[in-house]
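For reference, the chains in residue letters:
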Amino acid sequence: MRYLALGDSYTVGEGVEAGKGFPEQLSRDAGRGAQDTTRDPRPVTRDRIATTGWTTGELLAAIRATPPTGTYDLVSLCIGVNNQYRGLPLEEYQREFAELLDLAIGYAGGNAQHVVVLSIPDWGVTPFADGRDRGAIGEAIDAFNRVAEAATRRRGVAWVNVTDDSRRHPDDVVADGLHPSAQAYARWARLVTDQLHP
């Protein structure tokens, strides 16, 4: 099984132990299958194009510089928080996200059912956002997510809402007070596998 993870710090697993990031935990869940978590997982070859701090434009530039090769059985995309954080235009995000989504479907051999998009978590609820306008951050995150969800659903790609999980567990973060913990990523992985294998 070949899995390609595209994104930013949430895909990197910033601040968690090796092997406890979101792609690693999803690889294990996807290898086992949602209904059988007791048997040994199928081998998963995992590729990742992600860097902490990346926007949609920076992810696109990295893909253009070194495009993935071959076809993947699963492609995940989680991108956009840094567009919002830097105050970049929503219209720019909308255009670049749509391009990234089309690329992701292409890497899945044109099969939209082999692609999953994760919503942008709400960093405004985390300790890192102390002293900031949490309400405004949440509203902006919601606006970015509406754009991404609409594009995702139009293409028949699975949309997984991890924003609500981030809001239910605002303190489930690593030492930087911002990035999700290994336990949070485990919940995300379950949400994805439940969506892919209802």
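Please refer to the structure higher up on the page.
Notes on the structure follow. (Residues numbered from 1 in each chain as written. Predicted model: local features only at pLDDT ≥ 70, side-chain atom pairs only at ≥ 80, totals over all residues. Heavy atoms only, no water.)

Before going further, it helps to spend a moment on the overall build of the protein chain. Check the secondary structure of the protein chain and you find eight helices and five strands. Listed by position from the N terminus, the elements making up the protein chain come as β-α-α-β-α-β-α-α-β-α-β-α-α. In summary, the protein chain has a C-alpha radius of gyration of 16 Å against a globular reference of 16 Å for 198 residues, a match within 12%. For the protein chain, the spread of C-alpha atoms along the principal axes amounts to about 45 × 35 × 30 Å. Within the protein chain, buried positions represent 51% of all 198 residues. Carbon together with sulfur atoms contributes 49% to the accessible area of the protein chain, which is approximately 8900 Å² in total. Of the charged side chains in the protein chain, 21 are positive and 27 negative, and the gap between their average positions amounts to 4 Å. (Helix = DSSP H or I, 4+ residues; strand = E, 2+ residues; numbered from the N terminus. Rg over C-alpha atoms; globule rule 2.2 N^0.38 Å. Buried < 20%, exposed > 50% of the residue type's maximum accessible area, 1.4 Å probe, protein only. Areas by Shrake-Rupley, 256 points an atom, 1.4 Å probe, with all protein chains shown as cover. Lys, Arg positive; Asp, Glu negative; His and termini not counted. Charge placed at Lys NZ, Arg CZ, Asp CG, Glu CD.)

A word on the packing of aromatic side chains. By convention here, two paired aromatic rings are described through the distance between centres and the angle between planes. Taken as a whole and assessed by the stated rule, the structure comprises seven aromatic pairs. Both rings, one in tyrosine 93 and one in phenylalanine 144, keep their centres 4.9 Å apart while their planes meet at 50°; by these two values the pair is tilted. Note that tyrosine 93 is positioned in helix α5 (residues 90-107) and phenylalanine 144 in helix α6 (residues 134-154), a separation of 51 residues in sequence. In terms of burial, tyrosine 93 and phenylalanine 144 fall into one category: buried. Of note, arginine 2 hangs over the ring of tyrosine 72, and the distance from its end group to the ring centre comes to 4.1 Å. (Phe/Tyr/Trp six-rings, centres within 6.5 Å; stacked < 30°, edge-to-face > 60°. Lys NZ or Arg CZ within 6 Å of the ring centre and 35° of its normal.)

Moving on: the nonpolar core. In terms of nonpolar packing, the biggest core is built from 55 residues, with Leu6, Leu59, Val75, Leu77 and Phe97 touching the most fellow members. Apart from the residues within four sequence positions on either side, leucine 59 is in contact with Leu6, Gly7, Ile49, Trp54, Leu77, Ile79 and Leu100. (Core = buried A, V, L, I, M, F, W, Y, C linked by side-chain atoms within 4.5 Å. Contact = heavy atoms within 4.5 Å.)

Consecutive side chains of a regular strand alternate in pointing toward one face of the sheet and then the other. Side chains of strand β4 (residues 115-118) alternate between two faces, with Val115 and Val117 and Val116 and Leu118 buried alike. Pairing analysis gives three bridges linking strand β3 (residues 74-78) to β4, with the strands arranged parallel. Within β4, the position partnered with serine 76 by the bridge is valine 116. Pairing between β4 and strand β5 (residues 158-160): three bridges, direction parallel. Looking at β5, one finds that valine 117 is bridged to tryptophan 159. With α6 bridging β4 and its parallel neighbour β5, the resulting β-α-β unit is right-handed. (Pairing = 2+ DSSP bridges. Right-handed = clockwise from strand over helix to strand, strands pointing away.)

A separate point is the sheet that holds β3. For sheets, the rule is that strands pair by backbone hydrogen bonds, running either parallel or antiparallel. Within the open sheet, the five strands sit side by side as β2-β1-β3-β4-β5. Their pairing is parallel. The open sheet terminates on both sides in strands that have one partner only, identified here as β2 (45-50) and β5. For this sheet, the mean inter-axis angle between neighbouring strands, taken without regard to orientation, is 20°. (Axes fitted to C-alpha atoms, helices over the stretch in contact; angles between N-to-C directions.)

Turning to α5, a few remarks are in order. Here α5 is 18 residues long and its end C-alpha atoms lie 25 Å apart, about the 26 Å a rise of 1.5 Å per residue gives. Every buried residue of α5 is listed here: Tyr93, Glu96, Phe97, Ala98, Leu100, Leu101, Ala104, Ile105 and Tyr107. In the core, the buried residues of α5 are packed alongside β1 (2-7), α3 (56-65), β3, α4 (81-85), β4 and α6. (Expected span 1.5 Å × (residues − 1).)

Moving on, we come to the pattern of salt bridges. Counting across every chain of the model gives twelve salt bridges. With its nearest N and O atoms 2.7 Å apart, the salt bridge here joins glutamate 24 to arginine 48. Placement of glutamate 24 in helix α2 (residues 22-32) and of arginine 48 in strand β2 is noted, with a sequence separation of 24 residues between them. Judged by its relative accessible area of 35%, arginine 48 is partly exposed. Note that aspartate 142 is salt-bridged to arginine 167, the shortest N-O span being 2.9 Å. You can see aspartate 142 sitting in helix α6 and its partner arginine 167 sitting in helix α7 (residues 163-168), a full 25 residues away along the chain. Where salt bridges share partners, they join Glu24, Arg46 and Arg48 into one cluster. (Salt bridge = Lys/Arg side-chain N within 4 Å of Asp/Glu carboxyl O.)

So yeah, pure geometry; function would need other evidence.
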